[in-house]
Amino acid sequence: MNDRVPARIGATPSGAAPAQTPAQTPGPAAAAPVAAAAAANRPSVIQLVFREKGALYAAYIPLLTDGGLFVPTAREYRLGEDIYLLLSLPDDPQRYPVAGKVAWVTPSNASGGRTQGVGVRFPADEKTRGLKLKIEEVLGTMISSSKPTQTL
């Protein structure tokens, strides 16, 4: 089962689910409940690729203390749900892993034509603080723009 969900900002799904060895493979009667429980407990993985500063600006959430990003997705999430991002920034070949949490949800029927998706809050750790600073460095003066975004 592949629960990796591509974001609509030029992203693609990454990799496949790990294969089970014969010792890990449950019997036929237990296969469905074990697979369903594993899928429910495993955070989704989204590869989020920003090719332009404008797209990064529209998704960045500076109001969250540790930073965050809006992730467009049709999948339904709950507040506080774990979500794992593999983030690529404009003109930067490095991918940044982020183990975030859903901070808000924009439903499919949101008013004002808002894009369906979730706001992902970055964790409060040194590595992610560095990523927040990197994003703000990339955005430069755009960060104080009054241009509308997809965020709060």
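Further up the page is the structure itself.
Residues numbered from 1 in each chain as written. Predicted model: local features only at pLDDT ≥ 70, side-chain atom pairs only at ≥ 80, totals over all residues. Heavy atoms only, no water.

Section: the nonpolar core
- If you look at the biggest cluster of nonpolar residues, it comprises 28 residues, and the most contacted ones within it are Leu56, Leu69, Ile83, Leu87, Leu131 and Ile135.
- Elements with a contribution of two residues or more to this core: strand 1 (44–49), helix 2 (53–59), strand 2 (68–72), strand 3 (82–88), strand 4 (95–106), strand 5 (117–121) and helix 3 (126–139). (Core = buried A, V, L, I, M, F, W, Y, C linked by side-chain atoms within 4.5 Å. Buried < 20%, exposed > 50% of the residue type's maximum accessible area, 1.4 Å probe, protein only. Helix = DSSP H or I, 4+ residues; strand = E, 2+ residues; numbered from the N terminus.)

Some points on the pattern of salt bridges
- Inspection of the entire model under this criterion finds six salt bridges.
- The salt bridge partner of Arg129 is Asp66, with a shortest N-O separation of 3.9 Å. You can see Arg129 sitting in helix 3 and its partner Asp66 sitting in the loop between helix 2 and strand 2, a full 63 residues away along the chain.
- On the accessibility criterion, Asp66 (19% relative accessible area) is buried.
- A salt bridge links Glu81 to Arg75, with the shortest nitrogen-to-oxygen separation between them at 3.8 Å.
- Connected through shared salt-bridge partners, Asp66, Glu126 and Arg129 make up one network. (Salt bridge = Lys/Arg side-chain N within 4 Å of Asp/Glu carboxyl O.)

Structural notes on helix 3
- Spanning 14 residues, helix 3 covers 20 Å between terminal C-alpha atoms, matching the ideal 20 Å at 1.5 Å per step.
- Among all positions of helix 3, only Thr128, Leu131, Lys132, Ile135, Val138 and Leu139 are buried. Projection of helix 3 onto a plane perpendicular to its axis shows the buried side chains occupying an angular sector of 125 degrees, all on one side. With respect to the buried face of helix 3, the exposed residues turned more than 90 degrees away are Glu126, Leu133 and Glu137.
- A positive phi of about 55 degrees marks Gly140, the residue just after helix 3. (Expected span 1.5 Å × (residues − 1). Arc of directions from axis to C-beta.)

Topic: the environment of Tyr77
- Position of Tyr77 among the secondary structure elements: in the loop between strand 2 and strand 3.
- Expressed as a C-alpha distance, the spacing of Tyr77 and Ser44, which sit 33 residues apart in the sequence, is 9.9 Å.
- Among the polar contacts made by the side chain of Tyr77, one reaches the side chain of Ser44 at a distance of 2.7 Å. (Polar contact = N/O pair within 3.5 Å; in protein donor to acceptor, adjacent residues only side chain to side chain.)

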